[in-house]
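Listed below, chain by chain, are the residues.
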Amino acid sequence: MKVIRTVREMRAAVAAARAAGKAPVALVPTMGAFHAGHRALMRRARELAPWVVVSLFVNPLQFGPAEDYGRYPRPFDEDRAQAEAEGVDVLFAPPVEEMYPDGPSRTRVTIPGMSEVLCGRARPTHFTGVLTVVAKLFNIVQPDLAVFGEKDGQQLALIRRMVQDLNFPVQVVGHPTVREAGGLALSSRNRYLDAAETERARSLYRGLSRARAAWEAGERDPARLVELVVETLAAAGVEPEYVELVRSDTLEPWTGEGPAMLAVAARVGAARLIDNVRLGS
Ligand code: PAF
């Protein structure tokens, strides 16, 4: 596996791979601190493409001023070993000055109406930062397909919309959330939790699972489905930032039509956690 630090070298490497007939090219965008969830994305990419690039870039543009950019975990050597073990061809790990040579990008990608709902309420600049860096990564790596986790359900919906609206020739592949044995969705931020907080954090998926069971039994009232999650969180002493039933494609409130996603965000200890389940699919 090659580690590439510059845009120029990355472009040359992808051109050489294509010239050697290695297509489709897959990209797995990440911020590192790999866990089994990232590794599942890498494996999916590997199944779909003979040439796999994993980008590792902790993107300052998507962190708010009071957020954890400075202390976000950066275990580079462990990450490199894990990507190598998954058969990744290139680990693209540019420094900040390479991605933003003139300071933070002045051009920003945003999707009014979709960037500000759900997590966007507490993190008003977050998704603009995500979309801007993903657009840059698509332009630098020029992948045929890109794999993202479904845990970040809002992010996935926004990226699909951006690709459609801006005609990126990239197929966006969503991969199911990977969970630890207790149901907690794997996240690099889980390392901020101690054992008692991990137990409380498991209430997110317990609540979502209760609501999914109710949906499967025929419940379609959004307020009741939300209430089941809120009750489960309350029993564990967790106060949600939001619990909402939305359309998974437009993120508008689900009112009976289209694919449904029940999404939750909550702070547990020092970690802000998100999770979701798709209903009816
Ligand atoms: O999901 C993430 O890890 C990040 O938001 C992404 C997509 C790599 C952009 O920085």
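Residues numbered from 1 in each chain as written. Predicted model: local features only at pLDDT ≥ 70, side-chain atom pairs only at ≥ 80, totals over all residues. Heavy atoms only, no water.

Some details on the side chain of S105
Okay, so step 1: Note that S105 resides in the loop between helix 4 (96-99) and helix 5 (119-122).
Okay, so step 2: For S105, a relative accessible area of 15% translates into the label buried.
Okay, so step 3: In this view, S105 contacts Y100 and T132; residues no more than four positions away in its chain are not counted. (Helix = DSSP H or I, 4+ residues; strand = E, 2+ residues; numbered from the N terminus. Buried < 20%, exposed > 50% of the residue type's maximum accessible area, 1.4 Å probe, protein only. Contact = heavy atoms within 4.5 Å.)

Considering the sheet that holds strand 9 (residues 271-279)
Okay, so step 1: Strand order across the open sheet formed by 3 strands is 7-8-9, with antiparallel pairing between neighbours. Each having just a single partner strand, strand 7 (240-247) and strand 9 make up the two edges of the open sheet. For this sheet, the mean inter-axis angle between neighbouring strands, taken without regard to orientation, is 15°.
Okay, so step 2: Bridge count for strand 8 (residues 260-268) against strand 9 is 9 bridges, and the pairing is antiparallel. Looking at strand 9, one finds that A263 is bridged to N276.
Okay, so step 3: On top of the sheet, helix 9 (residues 203-216) reaches strand 8 and strand 9; it is set at about 15° to strand 9, its chief contact. (Pairing = 2+ DSSP bridges. Axes fitted to C-alpha atoms, helices over the stretch in contact; angles between N-to-C directions.)

Quick word on the site of the ligand
Okay, so step 1: In the vicinity of the ligand, the contacting residues are P29, T30, M31, Q62, V130, V133, D152 and Q155.
Okay, so step 2: Between the ligand and the protein, one listed contact pairs an oxygen atom with a side-chain N or O atom of Q62 at 2.6 Å.
Okay, so step 3: In this structure, Q155 approaches the ligand through a side-chain N or O atom, which is 2.7 Å from an oxygen atom.
Okay, so step 4: Put simply, the parts of the chain that give the shell around the ligand at least two residues each are strand 2 (25-30) and helix 6 (126-141).
Okay, so step 5: Of the residues belonging to the shell around the ligand, the class tally is 4 nonpolar, 3 polar and 1 charged. (Near = heavy atom within 4 Å. Polar contact = N/O pair within 3.5 Å; in protein donor to acceptor, adjacent residues only side chain to side chain. Nonpolar A, V, L, I, M, F, W, Y, C, P; charged D, E, K, R; others polar.)

What about the nonpolar core?
Okay, so step 1: Core analysis: the biggest nonpolar cluster contains 48 residues, and M10, W51, F92, F138 and M162 have the highest contact counts within it.
Okay, so step 2: Of all the elements, helix 6 adds the most residues to this core, at 10 residues.
Okay, so step 3: M162 has contacts with V109, I111, L131, V134, A135, F138, N167 and F168, leaving out every residue within four places of it along the chain.
Okay, so step 4: In this structure, Y192, L193, V229 and A236 belong to the second largest nonpolar core, which totals 33 residues. (Core = buried A, V, L, I, M, F, W, Y, C linked by side-chain atoms within 4.5 Å.)

A few points about unusual backbone geometry
Okay, so step 1: The step from A23 to P24 runs through a cis peptide bond, and the omega angle for that step is 0°.
Okay, so step 2: Checked against the element boundaries, P24 lands in the loop between helix 1 (7-19) and strand 2.
Okay, so step 3: Phi angles above zero are rare outside glycine, and A33 is one such case at about 55°.
Okay, so step 4: Structurally, A33 can be placed in the loop between strand 2 and helix 2 (36-48).
Okay, so step 5: Despite not being glycine, Q142 has its phi angle at roughly 50°, a positive value.
Okay, so step 6: Here Q142 lies in the loop between helix 6 and strand 5 (145-149).

Quick word on the packing of aromatic side chains
Okay, so step 1: Counting across every chain of the model gives 6 aromatic pairs.
Okay, so step 2: Between F138 and F148, the aromatic rings sit 6.5 Å apart at their centres with planes inclined by 65°, giving edge-to-face as the arrangement. Of the two residues, F138 is situated in helix 6 and F148 in strand 5; the sequence distance between them amounts to 10 residues. When sorted by exposure, F138 lands in the same class as F148, which is buried.
Okay, so step 3: Measuring from ring centre to ring centre gives 5.6 Å for F138 and F168, while their planes differ by 75°; the resulting arrangement is edge-to-face. Taken together, the residues span a long stretch of sequence, with F138 in helix 6 and F168 in the loop between helix 7 (153-165) and strand 6 (171-175) at a distance of 30 residues. Across this residue pair, the class does not change: F138 and F168 are buried.
Okay, so step 4: Linked through ring pairs, F63, Y69 and Y72 together constitute an aromatic cluster.
Okay, so step 5: A cation over an aromatic ring shows up here: R74 above the ring of Y69, its NZ or CZ 4.9 Å from the ring centre.
Okay, so step 6: In this structure, R179 is placed above the aromatic ring of Y205, and the distance from its NZ or CZ to the ring centre is 3.6 Å. (Phe/Tyr/Trp six-rings, centres within 6.5 Å; stacked < 30°, edge-to-face > 60°. Lys NZ or Arg CZ within 6 Å of the ring centre and 35° of its normal.)

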